[in-house]
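# Inside the fold
As a plain string of letters, each chain reads:
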Amino acid sequence: MNLVIFGPPGAGKGTQSKFIANKFNLHQLSTGDLLREEIKNKTILGSKISEIINKGELVSDEIVSDLIEKFISNKNFENRLIFDGFPRNIEQAINLNNLLKKYNQKIDIVLKLSVSLKTIKKRILERQMQENRSDDSEEIAIKRFETYEKSTEPVIEYYKKSKLLKVINGEGSIDEINVEISDIIEGI
């Protein structure tokens, strides 16, 4: 199965994706991790990505799509992907569907972690202290939350119309969210 997990930055997508990947033997494909890997490797692309992220903006669809296709085309990950933080807009959603069709795959379920801005700010500040990530500050968190809400609303509607969307209460504990997600996946 291939699935998409949505939620604003700090909603717990990464944590939940790791849980899902382990429990259901899937591969987590985090666009954030792919982008940070480019930055860490100090590539030319990584420098450009770092500049964009540190402004609280989103990286271009073209850059993300090229990074994503490497995984979709890999037979080791066929129908075993969790798209964590992707797609972020309707163009990316359409492109993802086209890429998956190109490799005879599809999205089976879309999970949306619903979390308030107040909770996001609290989690982002905690994560910043623990992980010392340069993209974690209250100001950037607010901007990224607003950008996320605005850009993903059409994507959420797109998947809702396809009857793939399941909304999860992201305000609960990690374990509570794990159970809710497991129940949904096992019910497919």
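The paragraphs below set out a description of the structure included in this document. (Residues numbered from 1 in each chain as written. Predicted model: local features only at pLDDT ≥ 70, side-chain atom pairs only at ≥ 80, totals over all residues. Heavy atoms only, no water.)

### What about the pattern of salt bridges?
Keep this limit in mind: The term salt bridge refers to a pairing of a side-chain nitrogen on Lys or Arg with a carboxyl oxygen on Asp or Glu at a separation within 4 Å.
Evaluation of the coordinates by the stated rule reveals 7 salt bridges. A salt bridge links K55 to E51; the shortest N-O distance between them is 3.8 Å. Residue D108 is joined to K106 by a salt bridge in which the shortest nitrogen-to-oxygen separation is 2.7 Å.

### Comments concerning the sheet that holds strand β4 (residues 109-114)
Note the following rule: At least two DSSP bridges between two strands are required for those strands to pair. The secondary structure listing takes helices from DSSP runs of H or I that are at least 4 residues long and strands from runs of E that are at least 2 residues long, numbered from the N terminus. Angular values range over 0 to 180 degrees, each being the angle between N-to-C directions of two axes fitted as lines to C-alpha atoms, with helices fitted over their stretch in contact.
Pairing is parallel across the open sheet formed by 5 strands, whose spatial order is β2-β3-β1-β4-β5. Taken across any chain shown, the strands that pair with only one partner, and hence form the sheet edges, are β2 (27-30) and β5 (165-169). Each strand axis lies, on average, 20° off the axis of its neighbour in the sheet, ignoring direction. Here β4 runs beside β5; their pairing, made up of 5 bridges, is parallel. Counted as the bridge partner of V110 is L165 from β5.

### Quick look at helix α7 (residues 138-161)
Cut-off, in case you're wondering: How far a helix is expected to stretch is found by multiplying one less than its residue total by 1.5 Å. Each residue is assigned a bend, namely the angle between axes fitted to the seven residues that terminate at it and the seven residues that start at it. Classification of residues uses two cut-offs on accessible area relative to the type maximum, computed with a 1.4 Å probe and protein chains only: under 20% is buried, over 50% is exposed, and between them is partly exposed. The contact definition used throughout considers only heavy atoms, calling two residues in contact when any of these lie within 4.5 Å.
With 24 residues, α7 ought to run about 34 Å at 1.5 Å a step, and its terminal C-alpha atoms sit 34 Å apart, in line with that. Of all the bends in α7, the greatest reaches close to 45° and is centred on T152; the proline P154 follows between one and four positions later. Every buried residue of α7 is accounted for by I140, A141, R144, F145, Y148, S151, T152, V155, I156 and Y159. Packed against the buried residues of α7 are β1 (3-6), α3 (44-54), α5 (90-102), β4, α6 (117-131) and β5.

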